[in-house]
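# Inside the fold
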Amino acid sequence: MNQSEERYAQIRHAYFRDHAGAGQALERLDAAQSGKRGKLARLLRHHDDEPISDREVRERDGFDQLLAFLGMVEIACVATYLPASPPRDHTRMAERVLNDEAVRRYYEDYYPILLPQAHRRRMEGSLLNTDLQGFRRGPQLFDQFFTLSLPLETSGTIETFLRLLDEGARHDHELDRLVTLDDTIAVLRDPKRFLRHASARAPDRSSGELSTLSESVQGFLGFVAFAPRLLALLEDAADTPLLQSSMWHYHGYWWGQMGQRMGADVRRGLEAIDGWEARLTEVERRQFKSSLSAARGKRREQAAALAFLSSGRFSYGLAESLLDRGPWGWVRDLVIQAGPAAARRPRKRRKDTLPKIDLPSTPEVRLPSIQIDPETA
Amino acid sequence: MHHNLLTTMRRADASPWGAEHKTRLAMAAKPKGAMVFVHGFRGHAVETWHEFPGLLPLEAKAASYDLLFYGYDTRQQAPFSAAKLATFLTALAQSPAVEVVNPSMAFGLPERPATFQYEHIVIAAHSLGAVVARLALLQAVDANGDPAPWLSRVRLALFAPAHSGATVVALIALLMSGAPLKGQVEAVARRLYKSINDVETGSPTLKEMRKATRDLLRSHAQVASCHRAWVAHGEDDYIVSARQFVKDQPTTAIDQADHFDVCKPTAKKREPMDFLLGVLP
């Protein structure tokens, strides 16, 4: 194996060995391509057409993992961690996935995400790295991004929290009822309940699984802690807008949702934790002034990072690289007219309507160096 | 970069060592050492160390070290966690290629020979992790009950170790986002986190650990040299006592760092990185 092949093998290992989902999706695709096409098209339908069952959600998660893998390979190519043309084995597999009619409709029409689209263009040979030629830190930035993102990929708790935000309600097997984000916020307001849910571990439960509420509380903590670190990495990549934007797009769906309606909910969660201070005596507050102040400072930093990441400012670089080449005017229109959030995967909108999105006001935090005027882009 | 990407740490039978355990294996054909990271109270195998997993592979001095991120349930009593860590360290010291490295490697990458051994094992531990690591090393004995010979290859690098005791109310503040809540919250915390009793200042666990370490350093000075740890404390740490533990090296003070930050280097704040690199042989 040469260096590129070894590097590719490591990325593939992370998605196909450490998670079974991507491999299962590939098998399902093989089966579909050898005859059962209708089944795959039905599985990868838009949720407005027919609600998605729990079993289908799990099967679709496999395709999300597969597309995440292709997105990560695309970022590796942009960062010059991998060559502009990935190994031949990958190219064959990627073309088979990305050109499949049902899969393509899934990532282009129903839930448009840009990284797989960019990767398909790369497979066609019409996408080149432009801003990283001669930039030596690309592989290092990719390495750091992969290291930062992988634990998030494997965290079921963060996934649960985000899906709760996204879907509104999920069933909790311990409470035997639907729980919502309000239930999570109620737990965050009550220190004793918070401690129980934040400390719960799956093996302790008779079911062997954490409750949705416990997962949501732990996922909330993990997600808000992740945000400042991702923002710091994106700022570090400010010299390379395409790489910066590609890394943002990897998690872009969630930041998009944050911008649309979740930012306020997450802020409510952080404010609920602020409220614990009211339970302390004046003496305790004085005695622990520095720790309280440090914790408060971290929450402010997390809130600012979440606001910044969900503002959509990082979405332009990748969108632009696609727009400048070939018949991609519709993406350009989508991004420029509807705002950056249009590059995200909408879950609740109809196929034939564009989302109306207002950019949130700029928070009082450091500005990233990427400054593209939508009027002139 | 001198290391492979982050992967799940696996046993010889390919099952994961733990839900959180991860590795970054050195690209060198025969690395001279391993760095084992052991997180602290309510920490996480990888995330506790923030940028360490991403920045260490850029350091030339770390190029010949495999990076192993070990996770454990911090609610358990420290001696139980130590027993599990001792099992892992024994496998790592005696048969690293078969028990840890080769099963964790991406398919197709060159495997290490079964006879491969590390010259050095550096354990980097934070807070409660320091107590767990010290207890694990005390539990590592051979068939005769003597300290395991591989201990002579081990060094300890401890960030804000809780080996001289921690304030319980401050530990609860750590659990509760800085708020030192007492009463029912403290009762729930003590019930859920049995390890609190182990690291409370003056606890029987800490007293016994201190005595066992002192005895071992007297009876098996060479093998037990691993117990002469390198220690770093943050100047703003209000949780653990910075008192010297038995015959540890003189303490390194890290400016403007609290209990949480002391083990988290950034591109701009290198002190935790420099401290750890300074411990490498």
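Rules of the game
Residues numbered from 1 in each chain as written. Chains lettered and ligands numbered in written order. Predicted model: local features only at pLDDT ≥ 70, side-chain atom pairs only at ≥ 80, totals over all residues. Heavy atoms only, no water. Contact = heavy atoms within 4.5 Å. Buried area = accessible area lost by both parts, 1.4 Å probe. Salt bridge = Lys/Arg side-chain N within 4 Å of Asp/Glu carboxyl O. Helix = DSSP H or I, 4+ residues; strand = E, 2+ residues; numbered from the N terminus. Buried < 20%, exposed > 50% of the residue type's maximum accessible area, 1.4 Å probe, protein only. Polar contact = N/O pair within 3.5 Å; in protein donor to acceptor, adjacent residues only side chain to side chain. Pairing = 2+ DSSP bridges. Axes fitted to C-alpha atoms, helices over the stretch in contact; angles between N-to-C directions. Parallel < 35°, antiparallel > 145°, perpendicular 65-115°, else oblique. Nonpolar A, V, L, I, M, F, W, Y, C, P; charged D, E, K, R; others polar.

### Quick look at the interface of chain B and chain A
Listed by partner, the interface residues are 52 residues for chain B and 44 residues for chain A. Carbon and sulfur atoms supply 61% of the area buried between chain B and chain A, which totals about 4,000 Å² over both sides. On the chain B side of the interface with chain A, the three residues burying the most area are B:Met1, B:Leu5 and B:Arg75, jointly 16% of the side's total. On the surface where chain B and chain A come into contact, there are four salt bridges.

### Overview of the environment of A:Arg177
Residues and elements named next belong to chain A. The topology assignment puts Arg177 in strand β2 (residues 177-180). Note on Arg177: relative accessible area 37%, which makes it partly exposed. Among all residues touching Arg177, those that are not within four sequence positions of it are Arg170, His171, Asp172 and Asp183. Within the structure, Arg177 has its side chain in polar contact with the side chain of Asp183 (distance 3.2 Å).

### Here's the deal with the sheet that holds strand β4 (residues 65-70) of chain B
All names here are of chain B. One open sheet holds the eight strands; their spatial order is β1-β2-β4-β3-β5-β6-β7-β8, and the pairing between them is mixed. Strands with a single pairing partner mark the edges of an open sheet, and in this sheet they are β1 (7-8) and β8 (252-254). Strand direction decides the pairing type here: strand β2 (residues 22-24) and β4, joined by three bridges, are antiparallel. Among the inter-strand pairings, Lys22 is bridged to a residue of β4, identified as Phe69. Strands β3 (33-38), β5 (120-126) and β6 (154-159) of the sheet are contacted by helix α4 (residues 128-139), whose axis makes an angle of about 140 degrees with β5.

### Description of the pairing of strand β1 (residues 169-172) of chain A
All names here are of chain A. Sheet topology places β1 next to β2; four bridges connect them, and they run antiparallel. Within the sheet, the bridge partner assigned to Ala169 lies in β2 and is Thr180. Taking the residues that link successive antiparallel strands as the turn, the β1-β2 hairpin has four residues, and the phi of Asp176 there is positive, at about 55 degrees.

### Side note on the packing of helix α2 (residues 78-94) of chain B against helix α3 (residues 96-104) of chain B
All names here are of chain B. In the contact formed by α2 and α3, the axes pass within 6 Å of each other and the chain directions differ by 100 degrees. Taken together, α2 and α3 sit at an angle that is classed as roughly perpendicular. Contact residues: α2 offers Phe88, Ala91, Leu92, Ala93 and Gln94, while α3 offers Pro96, Glu99 and Val100. When grouped by side-chain class, the residues that make up the contact of α2 with α3 number six nonpolar, one polar and one charged.

These values are about where atoms sit, not about what they do.
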